[in-house]
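Listed below, chain by chain, are the residues.
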Amino acid sequence: MRADARRNYERLLAEAATIFAEHGVEASLEEIARRAGVANGTLYSHFPTRQALLEALLRDRMQALSDKARDLLDHPSADEALLIWARAAMAHTTVYRGLVTSLMRSIEDETSHLHAACQAVLTAGEQLLNRAQAAGGMRADVTASDLYALINSVSWVGEQTSPAQGERLLAFGIDGMRSATDSR
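None of these values were measured; they are calculated from a predicted model.

(A) Structural detail: the UniProt feature "domain: HTH tetR-type" (unreviewed entry) in the chain. Under the UniProt annotation, the feature "domain: HTH tetR-type" (unreviewed entry) is placed at residues 6–65. Within the segment residues 6–65, helix and strand shares are 82% and 0% respectively, and the terminal C-alpha atoms sit 26 Å apart.

The following block contains the structure:
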């Protein structure tokens, strides 16, 4: 990428982060271009869709969430590792208002720019879930899709009410996934 194109790309990402934090992921792309000091065509040449912009903006955060899951595979408590990761995933999905809806759509839409990143996060969480199930702490019938849906559901509730309410519901949901033999 040429130096000026790289500067435009970086300015667009910085303004998108600010505007999405202020107004949510459905904020005006034209406003992002305007604040970045570039034409709409420049924005669309770098990011042909809103999903492409989100993917670029979230790439490092989603990779960090996948890495956190891998790191937690060495945690002494499989159940606690899963809960720690689920909380981190919830925090990730609420970084921008409306993000949780985009992520839920993207996991189902293989053409979405976010699909591969969402799939990687889902797979990382599945490894923690499998470990917790093998340790006897989580019900055997719980799937990674169930876990992903729970995290996204409580994230949406937390976005609509308060983060504390989302946290409470996450704890209730995880408790409901525990196996009958788990003594908690």
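(B) Layout of the side chain of Ser155. Here Ser155 is to be found in helix H8 (residues 144–160). Apart from the residues within four sequence positions on either side, Ser155 is in contact with Met90, Thr93, Thr94 and Val100.

(C) The arrangement of the packing of aromatic side chains in detail. Counted by the stated rule, this structure contains two aromatic pairs. Judged by centre distance (5.9 Å) and plane angle (70 degrees), the ring pair of Phe20 and Tyr96 falls under edge-to-face. Of this pair, Phe20 sits in helix H1 (residues 3–23) while Tyr96 is found in the loop between helix H5 (78–93) and helix H6 (99–108), placing the two residues 76 residues apart along the sequence. The buried category is assigned to Phe20, whose relative accessible area is 0%. The class for Tyr96 is buried, based on a relative accessible area of 8%.

(D) Summary view of the environment of Gly137. By the secondary structure assignment, Gly137 is in the loop between helix H7 (115–134) and H8. Considering only alpha carbons, one finds Gly137 and Met90, 47 residues apart in sequence, at a separation of 21 Å.

(E) Seen up close, empty space enclosed by the protein. On inspection of all chains with the given rule, the structure shows two cavities of 30 Å³ or more. Around the largest cavity, the lining residues are Met62, Leu65, Trp85, Ala89, His92, Thr93, Leu103, Val121, Tyr148, Ile151 and Asn152. Breaking the lining of the largest cavity down by element, the ones donating at least two residues are helix H4 (50–72), H5 and H8. The leading source of residues in the lining of the largest cavity is H5, at four residues. Counted as a void, the second largest cavity has a volume near 30 Å³. Forming the walls of the second largest cavity are Trp85, Val121, Leu122, Gly125, Glu126, Ala144, Leu147 and Tyr148. Among the secondary structure elements, those contributing two or more residues to the lining of the second largest cavity are H7 and H8.

The rules behind each value
- Residues numbered from 1 in each chain as written.
- Predicted model: local features only at pLDDT ≥ 70, side-chain atom pairs only at ≥ 80, totals over all residues.
- Heavy atoms only, no water.
- UniProt positions renumbered as here; feature names shortened; annotations may be inferred.
- Helix = DSSP H or I, 4+ residues; strand = E, 2+ residues; numbered from the N terminus.
- Contact = heavy atoms within 4.5 Å.
- Phe/Tyr/Trp six-rings, centres within 6.5 Å; stacked < 30°, edge-to-face > 60°.
- Buried < 20%, exposed > 50% of the residue type's maximum accessible area, 1.4 Å probe, protein only.
- 1 Å grid on protein atoms, 1.4 Å probe; cavity = no way out; pocket = protein on both sides within 12 Å on 5 of 7 lines; lining within 4 Å.
- Points joined across faces, edges and corners; volume = space filled by probe spheres on them.

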